[in-house]
Amino acid sequence: MTRDHHGLEMTGASAAAADLYQAARERFHCYAGDSLSPLKAALSDSPGFVMAHALKAWMTLVAANTEVAAMGLQALGTARGLPMNAREAGHVAALDRLVAGEVQAAARIMTEVSRQHPHDVLALQVGQTLDFLLGDAHGLHDRIAAALPAWSPDRPEWHAVQGLLAFGLEETGRYDEAEAAGRRCVALEPTNNWGQHAVAHVMVMQGRHADGVRWMRHENTAWQPQAQLGVHNWWHTALFHLGLGETDAALELYDGPLYGEGSTFAFDMVDAAALLWRLHLLGVDSGGRWEALADNFAREPRGQSAFVDVHAMMAFVGAGRDAEAAALLDAQSAALAGTGDNAGFVREAGLPACEAVRAFGDGDYARAARLLGDTRDRLHRFGGSHAQRDVLDLTLIAAARRSGDSRLETMLLDERAGTIPLPGHARTVM
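Predicted model only: the values in this text are computed from it and were never measured.

Rules used throughout
Residues numbered from 1 in each chain as written. Predicted model: local features only at pLDDT ≥ 70, side-chain atom pairs only at ≥ 80, totals over all residues. Heavy atoms only, no water. Helix = DSSP H or I, 4+ residues; strand = E, 2+ residues; numbered from the N terminus. Buried < 20%, exposed > 50% of the residue type's maximum accessible area, 1.4 Å probe, protein only. Contact = heavy atoms within 4.5 Å. Salt bridge = Lys/Arg side-chain N within 4 Å of Asp/Glu carboxyl O. Core = buried A, V, L, I, M, F, W, Y, C linked by side-chain atoms within 4.5 Å. Polar contact = N/O pair within 3.5 Å; in protein donor to acceptor, adjacent residues only side chain to side chain. Phe/Tyr/Trp six-rings, centres within 6.5 Å; stacked < 30°, edge-to-face > 60°. Expected span 1.5 Å × (residues − 1).

*Asks:* Could you clarify how one ought to interpret unusual backbone geometry in this entry?
*Replies:* A negative phi holds for most residues other than glycine; trans holds for most peptide bonds. With a phi close to 50 degrees, Tyr31 is a non-glycine residue in the positive phi region. With respect to the helices, strands and loops of the structure, Tyr31 is situated in the loop between helix 1 (15-30) and helix 2 (36-45). The backbone of Ala63 sits at a positive phi, close to 60 degrees, despite the residue not being glycine. As for its placement among the helices and strands, Ala63 is situated in the loop between helix 3 (50-61) and helix 4 (66-80). Overall, the relative accessible area of 19% leaves Ala63 in the buried class.

Here it is, written out as structure tokens:
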């Protein structure tokens, strides 16, 4: 039986395929470089390599577009029919639940896999991704912390574990520890986009905009070439520039590495919309950039992710697409009757947030403030990070100001002015 460098069995793999799989997995941990080519070569060598099919599914089923997700569905379909051990079966079962829209069930399965096999770094990584989709800040940390006693700095992939730990620490408000873990990750592996990103999250939450620009653009630039997480990391960089009042720099990034190529991947479109909406709240003219983004949101089916749909609504409102905005609300209403977790995410957070964004676009600021105020404590339910959801707090502040509710505006601004921002309410920019 072929094993990986942690001693975990890999059913159906030759030694050569295992090496190729390891190269793909390392790149996936770093979100840098071409993960698919070595994975394709591994499967060509060993078509029955079940974890290679599972890795391909994990890489292509989350936040991709319809075309790429089809690759993941095909990989999962192949994996289901292959011999596999209990650990591998856990990955396949979790992927099945994810495809069925049962993200919480998928996360629970991966928790059990990690409990039994704490050196399965892929299980830790994708488990944290599922926690992110659920907006489960404590899960983002606790999943990794539970595995740490089995780890030591001399083990392969220690950098990846440190990067995962850093993000979990940041989302639970332990900023000093998070920054230290993220910097350890990057010192060990400078191309690790996830560790780079975790430190950026700390700086966003602490309002350290100048530090953020230095970190992203000067202190370590190794993350930038071939970055799979490039759009998101450039989005963080653009937020730092906004915090310094450098709107031109933010727009330059938008037109370049952030969204110059117009990706149709869900999370790339989310970041693009969130940046343009922040600029809109600041009264900055986007110069027609909303149009292409709205076109891309309209290409993909709506009503499948409450988190993505809220950002699609921003794009439709920004572009003045009333028909698409109405169709999105119809899709969310239909989603309420659907199966899977998204129905609950839409009910608790997605639909009122979408309605609030549309009301803001219509100039009904009082209604936007009421909807967001009533939903504010539940917004984490549709996923994302504190820094990402903060765009809705910024919208609430703007709605309160424009509706003349000075009491609410003052309360929100006073909260943001605290030395340590409350989790969920980042000191970014208004």
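*Asks:* What am I meant to see in the environment of Leu133 here?
*Replies:* Mapping Leu133 onto the fold places it in helix 7 (residues 121-134). Between the C-alpha atom of Leu133 and that of Ala63, which follows or precedes it by 70 residues, the distance is 9.7 Å. Beyond its immediate stretch of four places on either side in the chain, Leu133 contacts Val62, Leu98, Val103, Phe267, Phe382 and Gly383.

*Asks:* I keep staring at the pattern of salt bridges and nothing clicks. Help me out?
*Replies:* Enumeration according to the criterion identifies 25 salt bridges in this entry. The partner of Arg208 in a salt bridge is Glu179, with the nearest N and O atoms 2.7 Å apart. With Arg208 in the loop between helix 11 (193-205) and helix 12 (209-219) and Glu179 in helix 10 (residues 175-188), the pair connects residues that are 29 residues apart, well separated along the chain. The class for Arg208 is partly exposed, based on a relative accessible area of 22%. Among the salt bridges present, the one from Glu324 reaches Arg321, with a minimum N-O distance of 3.2 Å. One salt-bridge network, in which partners are shared between bridges, spans Glu179, Arg183, Arg208, Asp211, Arg214 and Glu219.

*Asks:* Honestly, the side chain of Asp4 in this entry has me stumped. Any pointers?
*Replies:* Within the element layout of this structure, Asp4 appears in the segment before helix 1. By relative accessible area, which is 9% here, Asp4 ends up buried. What Asp4 contacts, discounting residues up to four positions off in sequence, is Met10, Gln22 and Arg25.

*Asks:* I'm lost on the nonpolar core in this one. Help?
*Replies:* Grouped burial of nonpolar side chains is what soluble globular proteins tend to show. Counting residues in hydrophobic clusters, the biggest one holds 143 residues, and the most contacted among them are Phe49, Leu258, Leu293, Phe382 and Leu392. The greatest single-element share of this core, amounting to 11 residues, is contributed by helix 15 (residues 266-281).

*Asks:* Looking at this structure, I do not really get the side chain of Asn193. What am I missing?
*Replies:* You can see Asn193 is positioned in helix 11. The buried category is assigned to Asn193, whose relative accessible area is 0%. In terms of polar contacts, Asn193 uses its side chain to reach the backbone carbonyl oxygen of Trp223, at 3.2 Å. Apart from residues no more than four positions distant in its own chain, Asn193 is found in contact with Cys30, Tyr31, Ala32, Trp223, Ala227, Gln228, Leu229, Gly230 and Asn233.

*Asks:* How do you make sense of the packing of aromatic side chains when you look at a structure like this?
*Replies:* To describe a pair of aromatic rings, one takes the distance between the centres and the angle between the planes. Tallied over the entire structure, the rule returns 14 aromatic pairs. Residues Phe360 and Tyr365 carry aromatic rings whose centres are separated by 5.0 Å and whose planes lie at 70 degrees to one another, so their mutual orientation is edge-to-face.

*Asks:* What am I meant to see in helix 15 here?
*Replies:* An α-helical turn contains 3.6 residues, so any two residues separated by three or four positions project in the same direction. With 16 residues, helix 15 extends 22 Å from end C-alpha to end C-alpha; this agrees with the ideal 22 Å at 1.5 Å per step. Positive backbone phi, approximately 80 degrees, marks Gly283, located one or two places after helix 15.

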